[in-house]
Every structure is written in C-alpha cells, then in structure tokens.
Amino acid sequence: MNSAFLERRFARAVSSALADLLGEKQISSEVEIGESTRPNLIARVGNRVFIVECKANASSSQVGVAIERLRGAAKHDRRMVPLVAVPYMGEVGRRLCENADIGWIDLSGNALIRAKDLFVRVEGRPNRFKTAGRPPDVFAPKSARIARWLLMHPDEAWTQRELARSTGMDEGFVSRIVKRLAVADLVSRDESGRVRSRDANLLLDAWAETYRFENHTILKGHVAARSGEDLVNTVADRLGSAKLRYAATGLAAAWLYCRFASFRLASFYLAEEPTADLPDRIGFREDPRGANLWLVLPKDMGVFQETRVIRDVTCVHPVQVYLDLAGHPERAPEAAERLRADFLKPGAHD
C-alpha cells in the first residue's frame, strides 16, 4: 500500500470527520497529494471553505510545519478557514495551534474551530491511535541537548557555535536540530541570528510529551536506610568514595531542591557501568519489587549538563529532574509541579 494511497485515505477520513462535526451530510473536498507548498485538503461545507493540513502525528515539529503552510495559504484568501488535522491532538499541539490562532481537528473526535459565525469545541475524547512511535529527532537523546541547554538558560540567546561548544556537539549537527526546532516554532532568532526558546513552557511541554525515563537502563534494588534522606546521603557518599561520577534525579533530587515531601525511592544516574564490586561497596541488593534505589545508565551523557551540588549531593539540573519525575511513583507529579514553579520559568532563581 503506497504512501499516496494512505495520505488520500487519511484526508478523506478527515473530510468525513469534519462533515460529522458540523452536522453536514455531504461535503465537497479536494485532496492534494505530493504538493509541498499547499495544504493537502480543501473541504467545502455550505458557504465555508476549509484548508486542511493533514499530519500523521501531533508532534511539535509536524504541527509546526502544518501551521506555517496554512499561514501561507490563508494569506491568499481570508475567507478560508485553516485547520490542522491529526489522528490525536496532544496538549503541545493544541497550544501551538492556539498561539497561531489556527483551528484543529483530530480523528479521535476532538476539535477546536473558530470562524465567522462558527465556534466548535470538542474535548476529552480518548486517543484512538496510540502507538509506541519514535520521538521527534529534536528530542532524541543526543539531539535534546539543545532543548535542555535553552531551557537551562531561558532568558538568554546563543549563537549556533556557542550552542555547539556548550553541548559538546559539532556545529553541523546543531544547525540541523536548530532548524527543526525553528520549523516547529519552538525557538526564535534575533536580528543577529542568535537562538533562544520562543516559549520555555511550550518547549518543556513538547519535550516532556515524548520523553520516557524508562528508556534509560535502570537497575532496581535495595539499600538499607532509615529514611529517604538517609538513603540519598549514604548512596551519594559511597558513590563518591568509589570515585564514580553520579547525579541524583527524580524524587530525591526534587526533595533536595525544594524540600518538598518525604520520599522512599532514590534515583542516581551513573556516568559509567557499575563495576562488579559496586553493589557490595554501596550495600546494594538487586530487588525490583522492593526497590528503594534505582541506578540509571543514561541514553546520553547530556543528562549531566550543568549538574549542581545541593547539600553535598550532586544533582542533575532541575530541567532533567522535571522530565524524570514523570517516570517515578509516590508524589512525583506534585514534586514536578513544585519544581517547575520554583525553578523552571524565566527569571526563576538559579
């Protein structure tokens, strides 16, 4: 089954969904396939003309491309109603469309459409197209160093050379990632070409939507300790004595930064695979079910960007802690909210 056939089928499904949403039995539509500069669906409903850009997913990069194409097409005829169409529109895609003042519809039954004498809003219908899908390239483990750096410095702008030097990547690779972030409307450039996050909250949400802590290699076990605080201090001290580069993350790091809520589970990134004698040196017994300690080998060393020492314990930057908390139990969601409010916004204290 070729891609053109699949694109036409998707466009026709969108056309049908639009007709159902507007209560129309018939809808006239034209499908454009293979044309890179025009929206790929024109749908006529009554006296309205919708120009629709259909995308296979609602990643920030895909929605960003759709918005730019629709903006260009809408300039030629203000009577046209631009829409982004996807199988399921996530929170980041919704915010991108809202910021661009462009409507959207998904094949799961949700939509937000604004036009003259027309307002349609349907929310809360579940995703009918869940897949394990690969995350956008801009948030792949190594590529994400750029997003991480920009989020660490939300009030600053950087040349691509400075970004390359700061993240330990070559300028050509950085240039490609910055271009993709720009297409997704997640970064902007000033008059001198320096790069900064367009909206730090949106950039963080876009990354969090695709980030999966469980994609790291996690060794789960138990270390005897009187409390979570005792555990994190004990493990940090023993890892330091073993001369292993480490950084706390998750609940333990959130507690060190914010003193928010007691915790049982501590998580530590390790910069190298543990030696055979490490379990004995730190008193670690592998036990996934009763684990109070996760030793984590990261997919990319970028997690160690701008670590900080908090109360004698090395921790990853709050940006990384926030992302990792989504993969943790206990009161992780509340800890993430507190951490974000205290540290992850322009002007927040360092």
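Note that the coordinates shown come from a computational prediction; the quantities given were computed from them, not determined experimentally.

### With respect to the pattern of salt bridges
Right, so step 1: Summed over all chains, the structure comprises 16 salt bridges.
Right, so step 2: Between Arg95 and Asp199 there is a salt bridge whose closest N-O contact spans 3.9 Å. One end of the pair, Arg95, is in helix H3 (residues 91–100); the other, Asp199, is in the loop between strand S9 (195–197) and helix H7 (200–210), with 104 residues separating them in the sequence.
Right, so step 3: Its relative accessible area of 27% is what places Asp199 among the partly exposed residues.
Right, so step 4: Salt bridges sharing partners connect three or more residues here, namely Arg95, Asp199, Asp205 and Arg340.

### Let's talk about the pairing of strand S5 (residues 103–106)
Right, so step 1: In S5, alternate side chains face the same way, and those of Gly103 and Ile105 on one face and Trp104 and Asp106 on the other are all buried.
Right, so step 2: Across 4 bridges, strand S4 (residues 80–86) lies against S5 in parallel orientation. Its bridge partner lying in S5, Leu83 is registered against Gly103.
Right, so step 3: The β-α-β motif built from S4, the intervening H3 and the parallel element S5 has right-handed crossover chirality.
Right, so step 4: As paired strands, S5 and strand S6 (residues 111–115) are joined by 2 bridges and run antiparallel to one another. Counted as the bridge partner of Trp104 is Leu112 from S6.
Right, so step 5: Counted along the chain from S5 to the antiparallel partner S6, the turn is 4 residues long, and its residue Gly109 has a positive phi close to 105°.

### Things to note about the environment of Ser192
Right, so step 1: With respect to the secondary-structure elements, Ser192 resides in the loop between strand S8 (187–189) and S9.
Right, so step 2: Residues Ser192 and Thr159 lie 33 residues apart in sequence; the distance between their C-alpha atoms is 8.7 Å.
Right, so step 3: Within polar-contact distance, the side chain of Ser192 engages the side chain of Asp190 at 2.8 Å.

Rules and cut-offs
Residue positions are given per chain, counting from 1 as you read along its sequence in written order. Under the rules for a predicted model, residues below a pLDDT of 70 receive no local features and side-chain atom pairs below 80 are neither given nor counted, while totals for whole chains, interfaces and linings still include all residues. Side-chain calculation: all heavy atoms of the structure are included, whereas hydrogens and water are not. Counted as salt bridges are all cases of a side-chain nitrogen of Lys or Arg within 4 Å of a carboxyl oxygen of Asp or Glu. Going along the chain from the N terminus, every DSSP run of H or I of four or more residues is numbered as a helix, and every run of E of two or more is numbered as a strand. A 1.4 Å probe rolled over the protein chains alone gives each residue an accessible area, and that area as a share of the maximum for its type sets the label: buried under 20%, exposed over 50%, partly exposed in between. Should DSSP find at least two bridges between two strands, the strands are regarded as paired. When the strands point away from the viewer and the path from the first strand over the helix to the second turns clockwise, the crossover is right-handed. Between N or O atoms, a polar contact is any pair within 3.5 Å; within protein, one atom must be a potential hydrogen donor and the other a potential acceptor, and residues adjacent in sequence are included only when both atoms are from side chains.

Purely spatial values, then, with no claim about function.
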